[in-house]
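# Coordinate inspection notes
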Amino acid sequence: MSTVVAVMFVTMGGSQAMRSALIEDVLSLVPAITFLIAARFEPKDPTRKYPFGFVRVNSLAFLVAAVALTAVGGFLMYESALTLLMAEHPTVAPVEVLGHSVWLGWLMIAALGWSVVVPMILGRIKLPVAERLRDKVLHTDALMQKADWQTGLAGIAGILGIYFGYWWADSAAALFIAFSILRDGLSNMGIAAAELLDGAPRELDSSDIAAEARRLQSRLEELWPQGEVRLRESGRYIVGTIEGVHSPADLPKLDELMGDDPAWRLARLSFSPPEALRREDVG
């Protein structure tokens, strides 16, 4: 990805579409960086100030990445729309390459082509890993990179538009790229906020409740029909609480409760007896 950023920067010129595509390529590093940082903190032992450990640092990293996408996407949309409304005509001048005069637009198109190939390959490699880990940050990173061909094609269309005399094509392509960034950011912010608010476990690619969580809830309700089952997401893990039920002496193993789903997903299952509920009501 650093080679993509480098060639995009060198060939950017005065194209708004190239500038937006370059910023998107730089932003595509944010989820990867936050994932690596979170992966270093997640296995750390609990401390006095953080008695439950750092498993939710993944959720915080996901929110940071989503906010960054949203902020930059909104700024680029404003800037691209303003450029389009003011009818600013971009200029793409020729450059000297090995003693020959070459239109910079052809170099831009070559750079955009490279910016399509690399992310698509990385995205396809990362996606199955993210699904196995149930990692939203890595999943977002993989989807962003896998879909970067749209950004590349939009940028190429904008440069070709300049070549054929359509000055507005460059700003229109930049606007499309900015909208793509903003859409990803807003979608991810919703999922990240739900997790930090102790919402029910969500699917990797949507705000729907995860199928694993629905199946687990059904099993727990069958075992303890008199209690109220509540599930929440803590990083990549599921934490369950059954209210109104005493902790049973013959509690099944957590992997048995998960059935055919990955056993490691269920990190903790706790019980809250009826007396505790009455104390909460009095408080």
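Residues numbered from 1 in each chain as written. Predicted model: local features only at pLDDT ≥ 70, side-chain atom pairs only at ≥ 80, totals over all residues. Heavy atoms only, no water.

On to the overall build of the chain, then. Per the secondary structure count, the chain includes 11 helices and 5 strands. A burial count over the chain gives 44% of its 283 residues as buried. Partitioning the contacts of the chain with sequence separation of at least 6, the portion at a separation of at least 24 is 68%. Charged side chains of the chain number 25 positive and 32 negative; the gap between the two group centres comes to 5 Å. (Helix = DSSP H or I, 4+ residues; strand = E, 2+ residues; numbered from the N terminus. Buried < 20%, exposed > 50% of the residue type's maximum accessible area, 1.4 Å probe, protein only. Contact = heavy atoms within 4.5 Å. Lys, Arg positive; Asp, Glu negative; His and termini not counted. Charge placed at Lys NZ, Arg CZ, Asp CG, Glu CD.)

Moving on: helix 2 (residues 16–27). Its 12 residues give helix 2 an end-to-end C-alpha distance of 16 Å, which sits within 8% of 16 Å, the value for a rise of 1.5 Å per residue. Summarising burial for helix 2: 9 of the 12 residues are buried, a large majority. Three or more residues of helix 2 are buried, namely Gln16, Ala17, Met18, Ser20, Ala21, Leu22, Glu24, Asp25 and Leu27. Where helix 2 is buried, its residues meet helix 1 (2–11), helix 3 (29–41), helix 4 (57–85), helix 5 (104–133), helix 7 (148–163) and helix 8 (168–196). (Expected span 1.5 Å × (residues − 1).)

Attention now goes to the pattern of salt bridges. On inspection of all chains with the given rule, the structure shows 11 salt bridges. Here glutamate 212 ties to arginine 134 by a salt bridge, and the two come within 2.3 Å at their closest N and O atoms. Of this pair, glutamate 212 sits in helix 9 (residues 211–223) while arginine 134 is found in the loop between helix 5 and helix 6 (136–146), placing the two residues 78 residues apart along the sequence. You can call glutamate 212 buried: its relative accessible area is 8%. For glutamate 233, the salt bridge identified is with arginine 265, shortest N-O distance 4.0 Å. Note that glutamate 233 is positioned in strand 3 (residues 228–234) and arginine 265 in the loop between helix 10 (254–257) and strand 5 (266–272), a separation of 32 residues in sequence. The exposure classification of glutamate 233 matches that of arginine 265, with both residues buried. (Salt bridge = Lys/Arg side-chain N within 4 Å of Asp/Glu carboxyl O.)

Within the secondary structure, arginine 219 is located in helix 9. Along the primary structure arginine 219 and glycine 259 are separated by 40 residues, whereas in three dimensions their C-alpha atoms are 8.8 Å apart. For arginine 219, the contacting residues outside a window of four places in its chain are Leu257, Met258, Gly259, Asp260 and Asp261. Within the structure, arginine 219 has its side chain in polar contact with the backbone oxygen of methionine 258 (distance 3.2 Å). (Polar contact = N/O pair within 3.5 Å; in protein donor to acceptor, adjacent residues only side chain to side chain.)

Spatial ordering of the open sheet is given by 3-4-5, a layout of 3 strands whose pairing is mixed. Two strands close off the open sheet at either side, each with one partner strand: strand 3 and strand 5. Sheet twist, expressed as the average angle between the axes of neighbouring strands with direction ignored, equals 20 degrees. Bridging between strand 3 and strand 4 (residues 237–243) involves 7 bridges; their strand directions are antiparallel. Across the sheet, leucine 231 pairs through a bridge with glycine 240, a residue of strand 4. (Pairing = 2+ DSSP bridges. Axes fitted to C-alpha atoms, helices over the stretch in contact; angles between N-to-C directions.)

Looking now at the packing of aromatic side chains. Two aromatic rings are characterised by how far apart their centres lie and by the angle between their planes. Counting across every chain of the model gives 9 aromatic pairs. Measuring from centroid to centroid gives 6.5 Å for phenylalanine 41 and phenylalanine 54, while their planes differ by 55 degrees, and the two rings are tilted. Here the residue phenylalanine 41 occupies a position in helix 3, and phenylalanine 54 occupies one in the loop between helix 3 and helix 4, the gap between them amounting to 13 residues. Phenylalanine 54 sits in the buried class, given a relative accessible area of 16%. Ring plane angle 75 degrees and centroid distance 5.1 Å describe the contact between tryptophan 224 and phenylalanine 271, whose orientation is recorded as edge-to-face. Of this pair, tryptophan 224 sits in the loop between helix 9 and strand 3 while phenylalanine 271 sits in strand 5; the two residues are 47 residues apart in sequence, bridging distant segments of the chain. Across from the ring centre of phenylalanine 41, 5.9 Å away, lies the NZ or CZ of lysine 44, which sits over that ring. (Phe/Tyr/Trp six-rings, centres within 6.5 Å; stacked < 30°, edge-to-face > 60°. Lys NZ or Arg CZ within 6 Å of the ring centre and 35° of its normal.)

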